[in-house]
Amino acid sequence: MGIHTGYEPARSCTGSATPGARALMSWFLGAYSAQGGRNLGIYNCAVIPGSTSTSLHGEGRATDLGVPVGAGWAQVLADRLVALSAELGVQCVIYNRRIWSGSYPHAGWRPYNGTHPHTDHLHVELSWNSARTLTAQRVQQVLGGNGGGTPAPAPTPTPGARPTIRRGSTGDAVREVQRILNAWYPGLARLAVDGDFGPATEARVKYMQSRAGLTVDGIVGPNTWRRLLGG
Ligand SMILES: [Zn+2]
């Protein structure tokens, strides 16, 4: 029960949701969509509001399990995720202005003072091991319920009218990509946001594509744009 192995912070954006996070969401929707459970998203390259740290959503290891405000079952689920954190590889749960973290596994629920009160969703983070290996079947074994269906896709931003750009391209679209890549990889050397798609920008695009499981061609077309814009 609930003894946890610690807390693995996010380092930089990876470009996609992990299999474990997808599995947890899949189980959740199967078990709770009839009671109003919704997919509020997994992957999102963003900083934690009010801080400069990368959110676990940027590594695709955090799920936002949408719940009706005040639903009794949501607190029961939050408590079970904490009690069974070791079995599930859960390293953090935030719900209804309280947080449980694997950094202080025995402290129980503590006050959460972040900007978002988390009354309409459970923010649930997985360890890397769990993010790579957890399945919906395993979640169902541990938590029960009738989960295991296919997750409804979260709304994904469309690339809009952005042009395909590559080495030699110039202009605002290049500047946008350079800005996004700097935000994704704060640990790497900063790209000049100069609107000039040179070798450094191309190398960074290829790095992002390899981390995200995309075709590594250094060209920012519709698929790469979709990922960069948070889809
Ligand atoms: Zn979240």
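One can find the structure itself at the top, above this paragraph.
Please read all numbers here as calculations on a predicted model, not as lab measurements. (Residues numbered from 1 in each chain as written. Predicted model: local features only at pLDDT ≥ 70, side-chain atom pairs only at ≥ 80, totals over all residues. Heavy atoms only, no water.)

Enquirer: What should I look at first to understand the packing of aromatic side chains in this one?
Expert: Each aromatic ring pair is summarised here by two numbers: the centre-to-centre distance and the angle between the ring planes. Per the stated rule, a full pass over the model turns up four aromatic pairs. Each ring, one from Trp27 and one from Tyr32, has its centre 5.9 Å from the other, and the planes form 80 degrees; the classification is edge-to-face. Pair check on accessibility: Trp27 and Tyr32 agree, each one buried. A centroid spacing of 5.7 Å and a plane angle of 35 degrees characterise the contact between Phe28 and Tyr32, whose relative ring orientation is tilted. Here Phe28 and its partner Tyr32 are both found in helix H1 (residues 19-32), four residues apart, which amounts to about one turn of the helix. Judged by its relative accessible area of 0%, Phe28 falls in the buried class. Joined through ring pairs, the aromatic side chains of Trp27, Phe28, Tyr32 and Trp73 make up one cluster. (Phe/Tyr/Trp six-rings, centres within 6.5 Å; stacked < 30°, edge-to-face > 60°. Buried < 20%, exposed > 50% of the residue type's maximum accessible area, 1.4 Å probe, protein only. Helix = DSSP H or I, 4+ residues; strand = E, 2+ residues; numbered from the N terminus.)

Enquirer: Sorry if this is basic, but what is going on with the coordination of the zinc ion here?
Expert: Tetrahedral metal sites with four donors have an ideal angle of 109.5 degrees; octahedral sites with six donors have ideal angles of 90 or 180 degrees. Protein coordination at the zinc ion: the donors are His57 (NE2), Asp64 (OD) and His123 (ND1), at 2.0 to 2.1 Å from the metal. Along the chain, the residues donating to the zinc ion are arranged with the sequence spacing H-x6-D-x58-H. Of this pair, Asp64 sits in strand S2 (residues 62-66) while His123 is found in strand S6 (residues 121-126), placing the two residues 59 residues apart along the sequence. For Asp64, a relative accessible area of 13% translates into the label buried. (Donors = N, O, S within 2.8 Å, 3.2 Å for Na, K, Ca; no water.)

Enquirer: Teacher, can you tell me more about the environment of Arg110 here?
Expert: Examined against the element boundaries, Arg110 turns out to sit in strand S5 (residues 110-111). Looking at Arg110, the relative accessible area reads 25%, which means it is partly exposed. Along the primary structure Arg110 and Trp100 are separated by ten residues, whereas in three dimensions their C-alpha atoms are 6.3 Å apart. Those residues in contact with Arg110 that lie beyond four places of it in its chain are Arg97, Arg98, Ile99, Ser101 and Tyr104. (Contact = heavy atoms within 4.5 Å.)

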